[in-house]
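# Observations on chain architecture
Single-letter residue listing:
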Amino acid sequence: MSKVPATVITGFLGAGKTTLIRHMIENAGGRRLALIINEFGDVGVDGSLVKGCGDEACPDEDIIELANGCICCTVADDFLPTMQRLLDRDVPPDHIIIETSGLALPKPLVKAFQWPDIRTRATVDGVIALIDADALAAGRFAHDEAALAAARAADPTLDHDSPIEELFEDQLACADLVLLNKTDLVAPEKLAELEQQLGGEVRPGVRLLRTARGEIDPAVLLGLGAGVEDQIDARPSHHDDEEDHDHEDFDSFVLQLEEIGNPAPLLAALEKLITDHDILRVKGFIAIAGRPARLVIQAVGPRIQHHFDRQWQADEVRASRLVVIGQAGLDRAAIEDALSGQLADA
């Protein structure tokens, strides 16, 4: 019996993983896909954006959300039972796509495919790392090089790698294919510079492709045949010597808001808060009075995007909820107070 191939989609917060997966579903070419979507935080924003797309290649029952923690830390409790249920079906999926949270390490997830009950029935076809070209160009994944050089000159024994930089490098180190996404937001000359930079950070032979809005032929991503679980130890990471991996370097919480009449003050307030508190990621849904559709908000650093997607369903509470993610020490009380105050004054 042939093994069911699985593709791991990794990438930092806001790289465009969900958009890429929606494009893959809409262009599945007859493949029966199953999705495992993991989020950092207890609001299933990404799963909700994918569900209800109405595509026969991936019905809602084949979209499984793991929203109670980072998938790389809950492999035994959540991921393995989910994989077993998919593989035990009378008609297993043709391909399994796994979207990790933006804070997940791909390596522990790939190692789960070495478990006896999984390795005989499934294989990691490839690891795809998605990169936000605009955020990379803005330097959000690395230290300021001049400041870093000065610090190392002052004390070369110190470890100056940031949690964000380490995570970014670990995702790249595990990849079989790298997609430089959101290239429509970056000037061509800067893209060439980024590609040269990334070329020195990935393993030899790993391809780097440009994409915008996650639009790429799924045939390029599926069918790599890498069998990553059999060679994962040859892909070093910053966290190889850690007995247990945690996410104490990052904080996450959910903002609960009332239905609002005008989104403009909220967007202005968020823009200021993101800058003032160095928030990494904001995503969620807003209920607008008098509008039947929910407003989707996606923020990566200072870049905020919003659009109306589907109508609120009859059995849904028209509630506004935003997931806020930042580095450890995020001042939740100050953020909530500032947002409430700015909205009240609007």
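Residues numbered from 1 in each chain as written. Predicted model: local features only at pLDDT ≥ 70, side-chain atom pairs only at ≥ 80, totals over all residues. Heavy atoms only, no water.

## Digging into the overall build of the chain
Under the convention used in this document: Only DSSP runs of H or I reaching four residues or more are called helices, and only runs of E reaching two or more are called strands; each is numbered from the N terminus. Per-residue accessibility, obtained with a 1.4 Å probe over protein chains only, is compared with the maximum for each type, and a residue is labelled buried under 20%, exposed over 50%, and partly exposed between these values. Note on definitions: a residue-residue contact is assigned when non-hydrogen atoms from the two residues lie within 4.5 Å. Note on areas: Shrake-Rupley with a 1.4 Å probe; residue coverage comes only from the protein chains shown.
When helices and strands are tallied, the chain shows twelve helices and twelve strands. Relative to its 346 residues, the chain shows a buried fraction of 51%. Residue pairs at least 24 apart in sequence account for 80% of intrachain contacts in the chain once pairs closer than 6 positions are excluded. About 15500 Å² of surface is accessible on the chain, with carbon and sulfur atoms providing 48% of the total.

## Details of the side chain of H23
Threshold: Under the rule applied, a polar contact is a pair of N or O atoms within 3.5 Å (in protein, one hydrogen donor and one hydrogen acceptor; residues adjacent in sequence only if both atoms are side-chain atoms).
The residue H23 is located in helix α1 (residues 17–26) in this model. Judged by its relative accessible area of 19%, H23 is buried. A polar contact is formed between the side chain of H23 and the backbone oxygen of I216, at a distance of 3.2 Å. Those residues within four positions of H23 in sequence are excluded, and the remaining contacts are G214, E215 and I216.

## Examining the packing of aromatic side chains
For any pair of aromatic rings, the description rests on two quantities: the centre-to-centre distance and the angle between the ring planes. What counts, and what does not: Stacked, edge-to-face and tilted are the three classes for Phe, Tyr and Trp ring pairs, Trp counted by its six-membered ring, which pair at centre distances within 6.5 Å; planes under 30 degrees apart are stacked, over 60 edge-to-face, the rest tilted. Only when the NZ of Lys or the CZ of Arg is both within 6 Å of the ring centre and within 35 degrees of the ring normal is a charge said to sit over the ring.
Applying the stated rule across the entire model yields one aromatic pair. Plain terms: the ring middles of F79 and F113 are 5.8 Å apart, the flat faces sit at 50° to each other, and that makes the pair tilted. Of this pair, F79 sits in helix α3 (residues 75–87) while F113 is found in the loop between α4 (106–111) and α5 (116–119), placing the two residues 34 residues apart along the sequence. A single burial state applies to F79 and to F113, both of which are buried. Stacked on the ring of F308, the Lys or Arg R291 has its end atom at 4.0 Å from the ring centre. When the ring centre of F285 is taken as reference, the NZ or CZ atom of R294 above it lies at 3.9 Å.

## What about the confidence of the model for the chain?
Put simply, the rule is: A residue's pLDDT is the predictor's confidence in that residue, given on a scale from 0 to 100.
On average, the chain scores 81 in pLDDT, and the residues at 70 or more come to 78%. In the model, residues 68–73 has pLDDT below 50 throughout and makes 25 contacts with residues more than four positions away in sequence or in other chains. Counting interchain partners and residues more than four positions distant, the pLDDT-below-50 stretch residues 155–160 has six contacts.

## Some words on the nonpolar core
Applicable threshold: The nonpolar core is taken to be a set of buried Ala, Val, Leu, Ile, Met, Phe, Trp, Tyr and Cys residues, with the residues joined through side-chain atoms within 4.5 Å.
Counting residues in hydrophobic clusters, the biggest one holds 28 residues, and the most contacted among them are F12, I131, L136, F141, V178 and L180. Contributions of two or more residues to this core are made by β5 (122–132), α6 (133–137), α8 (163–173), β6 (177–181), α9 (188–199), β8 (250–257) and β12 (320–327). Sort the elements by how many residues they give to this core and α8 lands first, with four residues. Other than its neighbours up to four places away in sequence, F12 contacts K17, G102, L103, L130, F141, I164, L167, Q171 and L280. If you look at the next biggest cluster of nonpolar residues, it comprises 24 residues, including V8, I96, A112 and V228.

## Section: the sheet that holds β8
Note the cut-off: By definition, two strands form a pair when at least two bridges between them are found by DSSP. Here, axes are lines fitted to C-alpha atoms. For helices the fit covers the stretch in contact, and angles between N-to-C directions go from 0 to 180 degrees.
The strand order across the open sheet built from five strands is β8-β12-β9-β10-β11, with neighbouring strands paired in antiparallel fashion. On the outer flanks of this sheet lie β8 and β11 (303–311), each paired with one strand and no other. Strand-to-strand, the axes of this sheet are offset by a mean angle of 15°, without reference to chain direction.

## Side note on the environment of R318
Relative to the assigned elements, R318 resides in the loop between β11 and β12. Given the relative accessible area of 31%, R318 is considered partly exposed. C-alpha separation for the pair R318 and F285, spaced 33 residues apart in sequence, amounts to 9.5 Å. Leaving out residues up to four positions away in the same chain, R318 has contacts with E259, A287, I288, A289, G290, R291, P292 and W312. In terms of polar contacts, R318 uses its side chain to reach the backbone carbonyl oxygen of I288, at 2.8 Å. Here the side chain of R318 touches R291 through a polar contact of 3.0 Å, landing on its backbone oxygen.

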